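Each chain, letter by letter, is given below.
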2 protein chains.
Amino acid sequence: MAVSIWLRPERTGRGPSPAFDRGRIAAAGVALADADGLAAVTMRAVADSLGAAPASLYRYVATRDELLELMVDQVNGEVSYDGLGAGDWLEDLLALAREARERYRAHPWLLDGIEAKIPLGPRATDFLEHALAACAAASVEPETAIEAVAVMLALVGALTRAELGRRAIGLTDSERRQAKSEYAAQIVKAGDHPHVAAALASRATGKATDPDAQFDRVVTRVLIGLLGGR
Amino acid sequence: MAVSIWLRPERTGRGPSPAFDRGRIAAAGVALADADGLAAVTMRAVADSLGAAPASLYRYVATRDELLELMVDQVNGEVSYDGLGAGDWLEDLLALAREARERYRAHPWLLDGIEAKIPLGPRATDFLEHALAACAAASVEPETAIEAVAVMLALVGALTRAELGRRAIGLTDSERRQAKSEYAAQIVKAGDHPHVAAALASRATGKATDPDAQFDRVVTRVLIGLLGGR
DNA sequence: GGCTACTGCGAACGACGATCGCAGTTGTGG
DNA sequence: CCACAACTGCGATCGTCGTTCGCAGTAGCC
């Protein structure tokens, strides 16, 4: 029941043919989430956008959580694995990391922490397979490889979140604006947090670093640190 | 209004003295979340556990999201910064990482992704201050330091999540049990995902690795990779 | 051609977050 | 000393949500 992503009871042929399928429902949910965030994905809204009644969805999806699982699996199907296996393992992993970041950019609601509480779907297994294949070329133990992939994915999420400004490690944009006339500014300037203040100042005055270059650099260093090489 | 963690309108003295304070409400929310997960933290449940009516909470907290902000800030106050600054920067950062992991262990609902969509609270700023102070001893630019701290925190979350088995990068425990007789097993054994199958097999047969040693090793390697040294 | 297993769905339930206004309480100013 | 103002907790209620139940209709099977 919890693994319902994988399988559905097969049709006996009896009765009217279904009006939709799980793929279309998931796609409708993804469209709503892309437009107005994860909170906009209500059963009624999805049903509306499909021209159906709210109760009809439950013929295809057991619960809203399962719909979210299908949505995550759906966007995992957008990942491309072209050009892998030609270069060295580091290039392959970096390409996979870029692909994962593109997925976060296209569907920022993935950053809301849904993936963490959703079982690994079929398309996520595809990603894992390719990532482990790349690690195998680095000739490390499987446990080390799984570890490295997990770290890489967490890393991509954190970096993309920072890039999208949804929550910088410093302050949110809107907050940074408010902070000047708020208690936050007092705390920072009071000297309780000199390093934070310095970091905020340097970030304000510093030249804008290229996010793509930063991404590649950090991911590469972490992967080399974990898998050795070079 | 969004930065209400930092400040509240001061009392004029007029009227009856409040029956509670934001700290007690946050503590009640933390207790509920610790016991039954984040979903159990409803305004009514928190009010009940305080012996108050649901509507009364809104005298202290503007919205449920603000209550969650207070809860996160509350548990951030449990972090200890003792013994820092004595050794080298790597030891300090590792100690902070261990402290962060302890926080996740004590309050697993932090892994549900709340932190990501909550503005940086006062106690989180304290943590950031200590972490940046440690990075300063490594003599790196502030931007690199912020980056490294963000990566470290994402890393701690990912590792702790894996350790708690809430979602291993492989499969959930309950799922791994079901998978044997489910479609998942078919996929793995069908040969579509040989590396995933190998990793699962090696994990099943492999000796149990010490999570603490693994944690220290991974965090150390990543930090060295990001901040240089050694 | 009836039986059966399906379909979509109207109506409803319970729980939730949030609001409004009222009764009670406390300090303050005249 | 007392009326007013500024607070308090909170009962009642609203709108929305996820989900369930049962019914009417439909298509294949024996």
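Use the structure listed above.
To start, this report covers the structure provided alongside it. These numbers come from a predicted model, not from an experiment.

Details of the overall build of chain A
Then step 1. In terms of regular secondary structure, chain A is built from ten helices and zero strands.
Then step 2. Counting across all 230 residues of chain A, residues that qualify as buried make up 46%.
Then step 3. Sequence-distant contacts in chain A: of pairs separated by 6 or more residues, those separated by 24 or more amount to 73%.
Then step 4. Of the roughly 11,200 Å² that chain A leaves accessible, carbon and sulfur atoms contribute 52%.

Let's talk about the protein's contact with DNA strand C
Then step 1. Surrounding DNA strand C, one finds 26 residues, the nearest of these being A:Ser56, A:Arg59, A:Tyr60, B:Arg44 and B:Thr63.
Then step 2. Within 4 Å of the protein, the contacting atoms of DNA strand C are 53% sugar and phosphate, with bases supplying the remainder.
Then step 3. A:Ala19 has a polar backbone atom sitting 2.9 Å from a phosphate oxygen of DNA strand C.
Then step 4. Within the side chain of B:Arg14, an N or O atom sits 3.3 Å from a base nitrogen of DNA strand C.
Then step 5. Taken together, the residues of the surface near DNA strand C sort by class into twelve nonpolar, seven polar and seven charged.

Focus on the environment of A:Leu94
Residue and element names in this part refer to chain A.
Then step 1. Within the secondary structure, Leu 94 is located in helix α4 (residues 89-106).
Then step 2. Overall, Leu 94 belongs to the buried group, its relative accessible area being 12%.
Then step 3. The sequence separation of Leu 94 and Thr 220 amounts to 126 residues, and the corresponding C-alpha distance is 7.0 Å.
Then step 4. In contact with Leu 94, not counting residues within four places along its chain, are Asp 216, Val 219 and Thr 220.

What to know about the environment of A:Asp21
Then step 1. Along the chain, the position of A:Asp21 falls in the segment before α1 (22-36).
Then step 2. For the pair formed by A:Asp21 and A:Leu57, sequence separation is 36 residues and the distance between their alpha carbons is 9.7 Å.

Things to note about the packing of helix α6 (residues 142-163) of chain B against helix α10 (residues 211-227) of chain B
Residues and elements named next belong to chain B.
Then step 1. With their axes 10 Å apart at the nearest point, α6 and α10 run at an angle of 160 degrees to one another. One finds that α6 runs roughly antiparallel with respect to α10. For the pair α6 and α10, the sense of crossing is right-handed. Where α6 approaches α10, its residues Thr 144, Ala 148, Val 151, Met 152, Leu 155, Val 156, Leu 159 and Glu 163 are matched on the opposing element by Pro 211, Phe 215, Val 218, Val 219, Val 222, Leu 223, Leu 226 and Leu 227.
Then step 2. Its residues assigned to classes, the contact of α6 with α10 comprises 14 nonpolar, one polar and one charged.

Digging into helix α10 (residues 211-227) of chain A
Residue and element names in this part refer to chain A.
Then step 1. With 17 residues, α10 ought to run about 24 Å at 1.5 Å a step, and its terminal C-alpha atoms sit 24 Å apart, in line with that.
Then step 2. Of all the positions in α10, only Phe 215, Val 218, Val 219, Val 222, Leu 223, Leu 226 and Leu 227 are classed as buried. The buried residues of α10 occupy an angular sector of 135 degrees when the element is viewed end-on, so they sit on one face.
Then step 3. Once α10 finishes, Gly 228 follows within two positions and takes phi at roughly 75 degrees, a positive value.

Concerning the packing of aromatic side chains
Then step 1. Scanning the entire structure with this criterion turns up four aromatic pairs over all chains.
Then step 2. Ring geometry for B:Phe20 and B:Tyr60: centres 6.0 Å apart, planes at 65 degrees, overall edge-to-face. Of this pair, B:Phe20 sits in the segment before α1 (22-36) while B:Tyr60 sits in the loop between α2 (43-49) and α3 (64-76), placing them 40 residues apart in sequence. Considered together, B:Phe20 and B:Tyr60 belong to a single accessibility category, that of buried residues.
Then step 3. When the ring centre of A:Tyr104 is taken as origin, the NZ or CZ atom of A:Arg103, which lies over that ring, is 4.8 Å away.
Then step 4. Here the guanidinium or amino end of B:Arg101 rests over the ring plane of B:Phe215, the centre of that ring lying 4.0 Å away.

Re the packing of helix α9 (residues 194-205) of chain A against α6(B)
Then step 1. Axis separation between α9(A) and α6(B) bottoms out at 9 Å; the angle between their running directions is 115 degrees. Classed by the angle they form, the pair α9(A) and α6(B) counts as roughly perpendicular. α9(A) and α6(B) meet at a crossing whose hand is left-handed. Only B:Pro142, B:Glu143 and B:Ile146 of α6(B) make contact with α9(A), whose side of the interface consists of A:Ala199, A:Ser202 and A:Arg203.

Overview of helix α9 (residues 194-205) of chain B
Since the α-helix turns once every 3.6 residues, residues separated by three or four places project in the same direction.
Then step 1. For α9(B), spanning twelve residues, the distance from its first C-alpha to its last is 16 Å, which sits close to the expected 16 Å at 1.5 Å a residue.
Then step 2. Within the span of α9(B), buried status applies to B:Val196, B:Ala199 and B:Ser202. Taken around the axis of α9(B), the buried residues stretch over an arc of 130 degrees, which confines them to a single face. Relative to its buried face, α9(B) has exposed residues pointing more than 90 degrees away, namely B:Ala204 and B:Thr205.
Then step 3. At its buried positions, α9(B) is contacted by α5 (122-137) and α6 (142-164) of chain A.

Brief notes about unusual backbone geometry
Then step 1. A positive phi angle, close to 50 degrees, is found at A:Ser139, a residue other than glycine.
Then step 2. Among the structural elements, A:Ser139 can be located in the loop between α5 and α6.

Rules used in this analysis
Within each chain, residue numbers correspond to sequence positions counted from 1 in written order. Written order determines the labels here, with chains lettered from A and ligands numbered from 1. Local features in a predicted model are, by the rule used here, given only for residues with pLDDT of at least 70; side-chain atom pairs are given and counted only at 80 or more, and totals for whole chains, interfaces and linings are based on all residues. To get the side-chain values, all heavy atoms of the structure are used, and hydrogens and water are removed first. Secondary structure elements follow DSSP: runs of H or I of four or more residues count as helices, runs of E of two or more count as strands, with numbering from the N terminus. Only protein chains enter the accessibility calculation, which uses a 1.4 Å probe; a residue whose area is less than 20% of its type maximum is buried, one above 50% is exposed, and one in between is partly exposed. Here, two residues are considered to be in contact whenever any of their heavy atoms come within 4.5 Å of each other. Reported accessibility uses the Shrake-Rupley method at a 1.4 Å probe radius. Residues are deemed covered only where the shown protein chains occlude them. Whether a residue is near a molecule or strand depends on its heavy atoms: it is near if one of them lies within 4 Å of it. Polar contact is defined as a pair of N or O atoms within 3.5 Å, subject to the rule that within protein one atom must be able to donate a hydrogen and the other to accept it, and that residues adjacent in sequence are counted only when both atoms are side-chain atoms. Just so you know the grouping, Ala, Val, Leu, Ile, Met, Phe, Trp, Tyr, Cys and Pro go in nonpolar, Asp, Glu, Lys and Arg go in charged, and all remaining residues, Gly too, go in polar. Convention adopted: a line fitted to C-alpha atoms gives each axis, helices being fitted over their contacting stretch, and angles between N-to-C directions are expressed from 0 to 180 degrees. Angles are sorted into four bins: roughly parallel if under 35 degrees, roughly antiparallel if over 145, roughly perpendicular if 65 to 115, and oblique for all others. Crossing handedness is read from the near helix: turned anticlockwise from the far helix by less than a right angle, it gives a left-handed crossing, and turned clockwise, a right-handed one. To estimate how far a helix should reach, multiply one less than its number of residues by 1.5 Å. This arc is built from the directions going out from the helix axis to the C-beta atoms. Aromatic pairs are defined between Phe, Tyr and Trp rings, using the six-membered ring for Trp, whenever the two ring centres lie within 6.5 Å; interplanar angles under 30 degrees are classed as stacked, those over 60 as edge-to-face, and all others as tilted. For a ring to carry a charge above it, either NZ of a lysine or CZ of an arginine must fall within 6 Å of the ring centroid while also lying within 35 degrees of the normal to the ring plane.

Purely geometric numbers; function is a separate question.
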